[in-house]
Amino acid sequence: VQAFLQLEKGKGTASVVQRDGGHARKHRICIWSTFPGDHTWVYMPFYATLVAGFSAYHNAELLVVDQRSLNSSDQLAEMSATVEQLGLQNGDMFIWIGNVYAGLEQVPWAAMYDKGVHTVYVQTEPVGDCLPVKDVMVREIWDYSFKNIEKCRNEGREAEVKGQDTWPTLRFVPSGFLQGWKQANHSRSWPPPTFFGSANSRPCFNAVQATFGNQIQVNNDVWNQLQFDTFIDSPTIFIDIPKFCESGSPIAISRLTLLLSAGAHIITMNSNPDDQKNFEGLVTFV
């Protein structure tokens, strides 16, 4: 939590909790995102983790946590004006979750950066560029995977060699356990297997499906809490396959956060060793 609330300043750090005229000023922590089809719930594990972290800060009463999901074209088009109205300044934070281009391109990154706002991009995907669109001026990149962080670190070294701007600070910030989650139904000894999500971009899915006698159910219709609670009440074993079926890929942390918090049984492909060790004993790797 303390790491969230510190700004790099030369060799030292400066807390975001500043004082104005002897009185502590409240600081706004914007946690925003967008997702097509009003499906921002897929980012819920990241929202929940960040809000819990800031709420645990010892001076949490000085923080105003501003959570928003901008899911209409009008909201995205008006984002610069909305941010301007908030009057964000040095000591405030703007955290953007996800790599949806339509949102990233509308965020007034440069204007906030110039005002000293601590801008953060939360990377949620296992593949692609560390900064998916140009001119994303962020001070930090928060990532859920050690493999992604190493990739971004290498990109940063290459950027420095080319004389480009200083690379953002990289932090390992995965989504965490969700308290009070409805628990999975384990009433059957040999329940049918389920793949939770879209089987697209997984060329090995048909082969995996064949090894299970074509019994794997695919469910890509869970987009809110009520749907998840209904879904998790059906006995099943979850089969997780990374995008592009690449062995050693980052773990799909957002999806696994939902399932593990519900006590589900999960079988998945071997992941990047540094990421996989965090899930030993919780997930069956094959």
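On a predicted model such as this, the values are computed, not experimentally measured, just so you know.

(A) Main features of the side chain of Ser-145. With respect to the helices and strands, the residue Ser-145 is situated in the loop between strand 9 (140-143) and helix 6 (146-161). Assessed through its relative accessible area of 0%, Ser-145 is described here as buried. Polar contacts involving the side chain of Ser-145 include one to the main-chain amide nitrogen of Lys-147, which spans 3.1 Å. With residues up to four places along the chain from it excluded, the contact list for Ser-145 reads Phe-172, Pro-250 and Asp-275.

(B) Structural view of the sheet that holds strand 11 (residues 193-196). Ordered by their spatial adjacency, 5 strands build an open sheet running 12-11-13-14-15, and the pairing between neighbours is parallel. Single-partner strands in this sheet number two, and they are strand 12 (217-219) and strand 15 (284-285). In this structure, strand 13 (residues 237-240) lies alongside strand 14 (residues 266-268), joined through 3 bridges in parallel fashion. Bridge pairing in strand 14 places Asp-240 opposite Thr-268.

(C) Examining the environment of Ile-266 more closely. Looking at the secondary structure, you find Ile-266 in strand 14. Separated by 237 residues in sequence, Ile-266 and Ile-29 place their C-alpha atoms 34 Å apart. Aside from chain neighbours lying at most four places away, what touches Ile-266 is Phe-238, Asp-240, Leu-256, Leu-259, Leu-260, Val-283 and Thr-284.

(D) Highlighting the packing of aromatic side chains. Enumeration according to the criterion identifies 12 aromatic pairs in this entry. Aromatic pair Phe-195 and Phe-205: ring centres 6.0 Å apart, planes at 65 degrees, arrangement edge-to-face. With Phe-195 in strand 11 and Phe-205 in helix 7 (residues 205-211), this pair connects stretches of sequence that are 10 residues apart. Both residues of the pair, Phe-195 and Phe-205, count as buried. Grouping aromatic residues by their ring pairs yields a cluster made of Trp-41, Trp-181, Phe-196, Phe-228, Phe-231 and Phe-238. Its guanidinium or amino end placed over the ring of Tyr-113, Arg-139 lies 4.0 Å from that ring's centre, counting from NZ or CZ.

(E) Up close: the side chain of Asn-148. Inspection of the secondary structure assignment puts Asn-148 in helix 6. Judged by relative accessible area, which is 6%, Asn-148 ranks as buried. Discounting residues that sit within four places of it in the chain, Asn-148 has contacts with Gln-123, Glu-125, Pro-126, Asp-143 and Pro-250.

(F) How the structure looks around helix 6. Helix length check: helix 6, at 16 residues, gives a terminal C-alpha distance of 23 Å against a target of 22 Å (1.5 Å per residue), a fit within 8%. For helix 6, the set of buried residues is Asn-148, Ile-149, Cys-152, Gly-156 and Ala-159. Considered in projection along helix 6, the buried side chains sweep an arc of 95 degrees and stay on one side of the axis. Against the buried residues of helix 6 lie strand 8 (118-123), strand 9 and strand 10 (169-172).

(G) Just the state of the cysteines, in detail. A complete count under the given rule lists 2 disulfides for this structure. Disulfide pairing is shown between Cys-130 and Cys-152; the S-S distance is 2.1 Å. Handedness here is read from the sign of the S-S torsion; for Cys-130 and Cys-152, about -110 degrees, the answer is left-handed. With Cys-130 in the loop between strand 8 and strand 9 and Cys-152 in helix 6, this pair connects stretches of sequence that are 22 residues apart. A sulfur-sulfur separation of 2.1 Å characterises the disulfide bridge that pairs Cys-204 with Cys-245. Torsion about the S-S bond of the Cys-204 and Cys-245 cystine: about -90 degrees, corresponding to left-handed handedness.

(H) Seen up close, the environment of Ile-237. Along the chain, Ile-237 falls in strand 13. Spatially, the C-alpha atoms of Ile-237 and Ile-216 are 9.4 Å apart, while their sequence positions differ by 21 residues. Among all residues touching Ile-237, those that are not within four sequence positions of it are Pro-191, Pro-192, Pro-193, Thr-194, His-265 and Ile-267.

(I) Molecular detail of the nonpolar core. The biggest cluster of nonpolar side chains holds 41 residues, and the ones touching the most others in it are Phe-54, Ile-95, Trp-142 and Phe-228. Where this core is concerned, the elements lending two or more residues are strand 5 (27-33), helix 1 (44-55), strand 7 (93-97), strand 8, helix 8 (225-231) and helix 9 (253-261). Beyond its immediate chain neighbours, meaning those up to four positions away, Phe-228 contacts Trp-41, Trp-181, Phe-196, Val-222, Leu-258, Leu-259 and Ala-262. Within the second largest apolar cluster, 23 residues are counted, among which are Trp-32, Val-83, Val-136 and Trp-167.

The rules behind these values
Residues numbered from 1 in each chain as written. Predicted model: local features only at pLDDT ≥ 70, side-chain atom pairs only at ≥ 80, totals over all residues. Heavy atoms only, no water. Helix = DSSP H or I, 4+ residues; strand = E, 2+ residues; numbered from the N terminus. Buried < 20%, exposed > 50% of the residue type's maximum accessible area, 1.4 Å probe, protein only. Polar contact = N/O pair within 3.5 Å; in protein donor to acceptor, adjacent residues only side chain to side chain. Contact = heavy atoms within 4.5 Å. Pairing = 2+ DSSP bridges. Phe/Tyr/Trp six-rings, centres within 6.5 Å; stacked < 30°, edge-to-face > 60°. Lys NZ or Arg CZ within 6 Å of the ring centre and 35° of its normal. Expected span 1.5 Å × (residues − 1). Arc of directions from axis to C-beta. Disulfide = S-S within 2.5 Å. Core = buried A, V, L, I, M, F, W, Y, C linked by side-chain atoms within 4.5 Å.

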